[in-house]
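# Examining the three-dimensional arrangement
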Amino acid sequence: VKILSVETIAPEIGGEFRGIAFKTILVASICILAYIGYRFRLMMGVMAVVALVHDLFLSVGLFTLFGRQINIDIVSALLIILGYSVNDTIVVFDRIRELSGGNFGRNFREVVDQAVNLSLNRTINTGGTTLITIGAMILFGGKGLADFALILFIGILFGTYSSTFVASALAYDWVSYRSRKLEKEKEAARLAGRGGAPVARPA
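These notes cover the structure that comes with them.

## Considerations on the overall build of the protein
When its secondary structure is counted, the protein shows six helices and zero strands. Across the protein, helices and strands are ordered from the amino to the carboxyl terminus as α-α-α-α-α-α. Burial statistics for the protein: of 203 residues in total, 32% are counted as buried. Taking contacts inside the protein between residues at least 6 apart in sequence as the whole, the part at least 24 apart equals 75%. Roughly 12900 Å² of accessible area belongs to the protein as shown, and the carbon and sulfur atoms make up 64% of that amount.

As structure tokens, then:
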């Protein structure tokens, strides 16, 4: 074995790379939050970004458990995962807005359930065909594409289920929390108006 060359990377370069990767993902997440907040509601934008952070943490965590290293190609794959995941999330949110008419009432649980059911077939078909293609890249793409295809496979797998079962569930939990809080405030105001005091109830 003949060693042709040896390259070393200083800690400063590694730190700079981490900083650039973090800033890139942060800017992308802020842009996604702004777009979904404008297109739908700010609450939905926040829940979409929470679901995206969930996707990234799980993807990077599982990727590193396989003993793989993070490089610039992996960061670009993470950005692709962000775009893919938020696309599925927007489809579900658009169904929710369409079915609710923009008014989140008491039947919001049924609205979310119906929106997920209506978009589930499309999500499974799109995610399944994409995963088949990436699986072929992992098997036949060689070592040069192995890590890139692997992180894409993991991220799209997590992104497919999180856009359906995480983002919409978080949106429902937030709307339910706000509705309960509003009802308590109305009840307290009604009792105060009648000269009474709200009765403490067990949580």
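## Describing the nonpolar core
Ranked by internal contacts, the top residues of the largest apolar core, which has 40 residues, are I36, M44, F93, I96 and I151. Within the residue set of this core, elements represented by two or more residues are α1 (11–39), α2 (42–65), α3 (72–100), α4 (108–140), α5 (143–165) and α6 (167–193). Residue contributions to this core peak at ten residues, all from α3.

## Considerations on the side chain of T89
Within the secondary structure layout, T89 lies in helix α3. For T89, a relative accessible area of 1% corresponds to the buried category. There is a polar contact of 3.0 Å between the side chain of T89 and the backbone oxygen of S85. For T89, the residues in contact, after removing those within four places along its chain, are A48, S163 and A167.

## As for the packing of aromatic side chains
The final tally for this structure, using the stated rule, is two aromatic pairs. Where F158 meets Y161, the ring centres are 6.2 Å apart and the plane angle is 65°; that geometry is what we call edge-to-face. With F158 and Y161 both in helix α5, this residue pair falls three residues apart, about one helical turn. Overall, Y161 belongs to the partly exposed group, its relative accessible area being 32%. Ring centres of W174 and Y177 lie 5.7 Å apart, and the angle between their planes is 40°; on these two criteria the pair is classed as tilted. On the criterion of helical spacing, the pair formed by W174 and Y177 is a turn pair, its members being three residues apart in helix α6.

## Things to note about α4
An ideal rise of 1.5 Å per residue puts 48 Å on 33 residues; α4 measures up with 46 Å between its terminal C-alpha atoms. Approximately 40° is the largest bend angle found in α4, and it occurs at S119. Burial in α4 covers these residues: F108, V111, V112, A115, V116, S119, T123, G127, L131, I134 and G135. Those residues of α4 that are buried lie in contact with α3, α5 and α6. Where α4 terminates, the next one or two residues include G142, which has phi positive at roughly 85°.

## Considerations on a nonpolar patch on the surface
A surface patch of nonpolar side chains, amounting to about 310 Å² of accessible area, comprises F22, L26 and I30. By the element assignment, L26 lies in helix α1. Here L26 falls in the partly exposed class, since its relative accessible area comes to 40%.

Rules and cut-offs
- Residues numbered from 1 in each chain as written.
- Predicted model: local features only at pLDDT ≥ 70, side-chain atom pairs only at ≥ 80, totals over all residues.
- Heavy atoms only, no water.
- Helix = DSSP H or I, 4+ residues; strand = E, 2+ residues; numbered from the N terminus.
- Buried < 20%, exposed > 50% of the residue type's maximum accessible area, 1.4 Å probe, protein only.
- Contact = heavy atoms within 4.5 Å.
- Areas by Shrake-Rupley, 256 points an atom, 1.4 Å probe, with all protein chains shown as cover.
- Core = buried A, V, L, I, M, F, W, Y, C linked by side-chain atoms within 4.5 Å.
- Polar contact = N/O pair within 3.5 Å; in protein donor to acceptor, adjacent residues only side chain to side chain.
- Phe/Tyr/Trp six-rings, centres within 6.5 Å; stacked < 30°, edge-to-face > 60°.
- Expected span 1.5 Å × (residues − 1).
- Bend = angle between axes of the 7 residues up to and from the residue.
- Patch = residues over 30% accessible without salt bridge, like charges linked within 9 Å, V, L, I, M, F, W, Y side chains within 5 Å.
- Salt bridge = Lys/Arg side-chain N within 4 Å of Asp/Glu carboxyl O.

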